[in-house]
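Structure at a glance
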Amino acid sequence: MTFLRFPEGFRFGLSTSAHQIEGYSTADGGGRSIWDHFAHTEGTTQDGDTADVACDHYHRWREDIGLMEQLGLKNYSFSLAWPRILPQGTGRLNPAGLDFYDRLVDRLLEAGIAPTATLYHWDLPVALQQLGGWLNRSVVDWFADYATIAFARLGDRVQQWVTINEPQVVAMLGHVGGQHAPGLRDLWGGLRVSHHLMLAHAEAVSRYRATGQSGQIGIKLVMGPADPASDQPADIAAAGRADAWGSRLFLDPLLRGSYPDILLERFPEAWSCIHPGDLERILDSLDFLGIDYYFRSVIAEGSGQMGVKHLRGPGPRTAMDWEIWPQGLRDLLLRLARDYPPIPLYVMESGAAFEDTLEGGRVHDRARQEYLASHLAAAHQAIAQGAPLQGYFVWSLMDNFEWAYGYAKRFGLIYVDYPTQQRILKDSALWYREVMQRGGLEFEG
Ligand code: FCB
């Protein structure tokens, strides 16, 4: 066993999102989001689950911060529900919604926990979807106006902001695959949405910078390496295309000021949404880059729009059937450091769902602990090899509403017994408490 110590000031944390934990989205004058609407549509979520109650964090937030204190947590990443603050997405403000986050931030700070606030984790106000949502370019102003309200109210205390969580998922699962709200299936529409997400991000960042506030602002991208299935040139080329689609579609405009040629060439009709000056606005709109890493892809030449085929890798699997591949995190961090201009990196989500069972009031989730240990070790290696990684946030503080999977998948370090809303620290939570406290972990391997 060796002790892997992280650099001084490295930020260990835990993450959640509003829609997945809060519940009661319309309480005290809040509005409905596209996820409220979507989950109430038949056949969209496992067992017809909805986030109507979720973890009832909207009422239990004090108790939940108490649990964070018990874990010795120093960094907590959460999101604001846009429709709680602006029930119609624009215009009339709901003071009670803004007060909720104001109190949350105050109480976190009292507990010595630094808040990282995400403005958009997929819960677009329904009223804006009715106007076309992310397909309508006006979303850039709607989002920036909402962001400006959040900065004005919370920006004196929130020192780390994230504009948008995983634009890939919003564009691809929400607008191309249809597995997520708003449930659309339109390839070109999805590409237009991806561009609007970039622009909305950039506009919110420029509003933030105009406030003169001293915090950092960035975005969270979900990514993993696209590894070729063999060393055949056709597979290597296919892996390059998969990478352009899954990662460079977002990395390149943010960090290079361009979209990958391969995507411009393959989908020319989609890009009339790019107006003169857009790419200049998007470039350099990051103080840091947040990375959500869950798995890599193994790619061979195939058919379909991108000519790729996803193969099953040899690694073991989580309850999501995602391959466990910690070295993918190291590879990803090193690749970002190598291929892009220098930018501070944060792992903002990393974690796994397993079949947890409650035994005599305990959850012995050894597999989750091993998962996290191996990923932290991979992150540690990347730092040793020069990746500018500043922090690592585990997904998630507690079990919650896992989108289309409803409550069937548990990612938490804290177990939630949904019928009673009782919270139980899993073994992994106790282990992570020690990691955070010692600033590193014992690791063998
Ligand atoms: C990420 C999402 C997060 C959660 C995890 C498992 O893609 O950002 O909300 O669902 O996956």
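Described in the following lines is the structure provided in the data block. Treat the numbers as computed from the prediction; the structure is a model and nothing was measured. (Residues numbered from 1 in each chain as written. Predicted model: local features only at pLDDT ≥ 70, side-chain atom pairs only at ≥ 80, totals over all residues. Heavy atoms only, no water.)

With that out of the way, let us pick up helix α8 (residues 167-177). Among the 11 residues in α8, 8 count as buried, and that is most of the element. Among the residues of α8, those classed as buried are Pro167, Gln168, Val169, Val170, Ala171, Met172, Gly174 and His175. If you follow the buried residues of α8, they end up packed against β4 (114-120), β5 (160-165), α9 (187-211), β6 (216-222) and α10 (233-255). Just past α8, the residue Gly178 takes up positive phi, approximately 80°. (Buried < 20%, exposed > 50% of the residue type's maximum accessible area, 1.4 Å probe, protein only. Helix = DSSP H or I, 4+ residues; strand = E, 2+ residues; numbered from the N terminus. Contact = heavy atoms within 4.5 Å.)

Ranked by size, the top nonpolar core spans 143 residues in total, and within it Trp134, Trp161, Leu289 and Tyr432 carry the most contacts. Beyond its immediate stretch of four places on either side in the chain, Trp161 contacts Leu80, Ala117, Leu119, Ala150, Phe151, Leu154, Gly155, Tyr208, Gln216, Ile217, Gly218 and Phe288. (Core = buried A, V, L, I, M, F, W, Y, C linked by side-chain atoms within 4.5 Å.)

This paragraph deals with the packing of helix α7 (residues 139-154) against α9. Interaxial distance between α7 and α9 falls to 8 Å at its minimum, and their mutual angle equals 35°. With respect to the hand of their crossing, α7 and α9 are arranged in right-handed fashion. Side by side, α7 and α9 meet where Val139, Val140, Asp141, Phe143, Ala144, Asp145, Ala147, Thr148 and Phe151 of the first sit next to His196, Leu199, Ala200, His201, Glu203, Ala204, Arg207, Tyr208 and Thr211 of the second. For the contact of α7 with α9, a count of residues per class yields 10 nonpolar, 4 polar and 4 charged. (Axes fitted to C-alpha atoms, helices over the stretch in contact; angles between N-to-C directions. Left-handed = near helix turned anticlockwise from the far one by under 90°. Nonpolar A, V, L, I, M, F, W, Y, C, P; charged D, E, K, R; others polar.)

All right, on to the site of the ligand then. If you check the shell around the ligand, you find Gln20, His121, Trp122, Asn165, Glu166, Tyr294, Glu349, Trp395, Glu402, Trp403 and Phe411 and nothing else. For the ligand, an oxygen atom lies 2.8 Å from a polar atom in the side chain of His121. Between Glu349 and the ligand, the recorded distance is 2.9 Å, taken from a side-chain N or O atom to an oxygen atom. Considered on its own, the ligand offers 300 Å² of accessible surface; in the complex 95% of this is hidden by protein. By residue class, the composition of the shell around the ligand is 5 nonpolar, 3 polar and 3 charged. (Near = heavy atom within 4 Å. Polar contact = N/O pair within 3.5 Å; in protein donor to acceptor, adjacent residues only side chain to side chain. Areas by Shrake-Rupley, 256 points an atom, 1.4 Å probe, with all protein chains shown as cover.)

Quick look at the sheet that holds β6 now. Strands in a sheet are paired, the pairing made by backbone hydrogen bonds, and the direction either parallel or antiparallel. Around the barrel, which closes on itself, the 8 strands sit in the order β2-β3-β4-β5-β6-β8-β11-β12 with parallel pairing between neighbours. Adjacent strand axes in the sheet meet at a mean angle of 25° when their direction is disregarded. Where strand β2 (residues 11-15) lies against strand β12 (residues 389-395), 5 bridges are found, and the strand directions are parallel. Across the sheet, the residue bridging to Gly13 is Phe393, located in β12. Across the sheet, helix α5 (residues 95-110) is in contact with β3 (75-79) and β4; its angle to β3 comes to roughly 170°. Across the sheet, helix α15 (residues 427-438) touches β2 and β12, and the angle it forms with β2 is around 150°. (Pairing = 2+ DSSP bridges.)

Across 4 bridges, strand β13 (residues 414-417) lies against strand β14 (residues 422-425) in antiparallel orientation. Considered in β14, the bridge of Asp417 is made with Gln422. What sits between β13 and β14 in their antiparallel hairpin is a turn of 4 residues, with Gln421 showing a positive phi close to 60°.

Summed over the entire model, instances satisfying the criterion amount to 36 salt bridges. Two residues, Arg207 and Glu203, come together in a salt bridge whose shortest N-O distance is 3.4 Å. Of this pair, Arg207 and Glu203 both sit in helix α9, 4 residues apart, which is roughly one turn of that helix. Classification of Arg207 by relative accessible area gives partly exposed; the value is 24%. Each of Asp99, Asp102, Asp106, Arg153, Asp156 and Arg157 takes part in one network of salt bridges that share partners. (Salt bridge = Lys/Arg side-chain N within 4 Å of Asp/Glu carboxyl O.)

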